[in-house]
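Structural overview for review
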Amino acid sequence: MSTVVKNFDAWKKFLGERVAQAEKLGMSEDTIAKLAYEIGDFLDEKVDPANASNRALKELWEVGNREERQTIARLMVKLAKKNA
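A brief structural summary. (Residues numbered from 1 in each chain as written. Predicted model: local features only at pLDDT ≥ 70, side-chain atom pairs only at ≥ 80, totals over all residues. Heavy atoms only, no water.)

Summing up its helical and strand segments, the chain has five helices and zero strands in all. For the chain, the C-alpha radius of gyration of 12 Å lies close to 12 Å, the compact-globule estimate for 84 residues. With the principal axes as the frame, the chain shows a C-alpha extent of 30 × 30 × 20 Å. Across the 84 residues of the chain, 33% fall into the buried class. Across the chain, every contact between residues at least 6 apart in sequence was considered, and the portion connecting residues at least 24 apart equals 64%. Here the chain has roughly 5700 Å² of accessible surface; of this, 54% comes from carbon and sulfur atoms. Side-chain charges in the chain split into 15 positive and 14 negative, and the spacing between the mean points of these groups amounts to 5 Å. (Helix = DSSP H or I, 4+ residues; strand = E, 2+ residues; numbered from the N terminus. Rg over C-alpha atoms; globule rule 2.2 N^0.38 Å. Buried < 20%, exposed > 50% of the residue type's maximum accessible area, 1.4 Å probe, protein only. Contact = heavy atoms within 4.5 Å. Areas by Shrake-Rupley, 256 points an atom, 1.4 Å probe, with all protein chains shown as cover. Lys, Arg positive; Asp, Glu negative; His and termini not counted. Charge placed at Lys NZ, Arg CZ, Asp CG, Glu CD.)

Spelled out as structure tokens, the structure:
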């Protein structure tokens with residue numbers, strides 16, 4: 001996982017594959033977005049960003065309120081789907 005987090009393109013591809021798997025299992029877009037939000041909270045607390053792209057996301061996450069973080073999570077899901 002740490003190798004994936006170091007390379008933003010690999011991270012997007014990894015997320016896209018996970019989103020595709022979740023959709024195949026019948027998860028709704030709302031459920032996937034809620035999971036993305038939880039993952040964002042986890043990463044914010046536990047992972048030191050390894051590159052500038054991840055650092056920017058972390059800083060956006062930190063300044064955002066709950067609603068804004070939910071928007072970031074939904075946008076990451078959209079980005080991931082595009083890169084699957």
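Between helix H4 (residues 52-63) and helix H5 (residues 66-82), the shortest axis-to-axis distance is 8 Å and the interhelical angle comes to 150 degrees. Comparing the axis directions of H4 and H5 gives the class roughly antiparallel. Like other packed secondary-structure pairs, H4 and H5 cross with a definite hand, here left-handed. Residues Leu57, Leu60, Trp61, Glu62 and Val63 of H4 touch H5, and the partners they reach there are Glu68, Arg69, Ile72, Ala73 and Met76. (Axes fitted to C-alpha atoms, helices over the stretch in contact; angles between N-to-C directions. Parallel < 35°, antiparallel > 145°, perpendicular 65-115°, else oblique. Left-handed = near helix turned anticlockwise from the far one by under 90°.)

Here we take up helix H2 (residues 8-24). Owing to its 3.6 residues per turn, the α-helix brings residues three or four apart onto one side. In this model H2 runs 24 Å from its N-terminal to its C-terminal C-alpha over 17 residues, within 8% of the 24 Å that 1.5 Å per residue would give. Among all positions of H2, only Phe8, Trp11, Lys12, Leu15, Gly16, Val19 and Ala22 are buried. The buried side chains of H2 occupy one side of the element, clustering within an arc of 135 degrees when seen end-on. Of the residues in H2, the exposed ones pointing more than 90 degrees away from the buried face are Asp9 and Lys24. Remark: Gly26 follows H2 within two positions and exhibits a positive phi of approximately 90 degrees. (Expected span 1.5 Å × (residues − 1). Arc of directions from axis to C-beta.)

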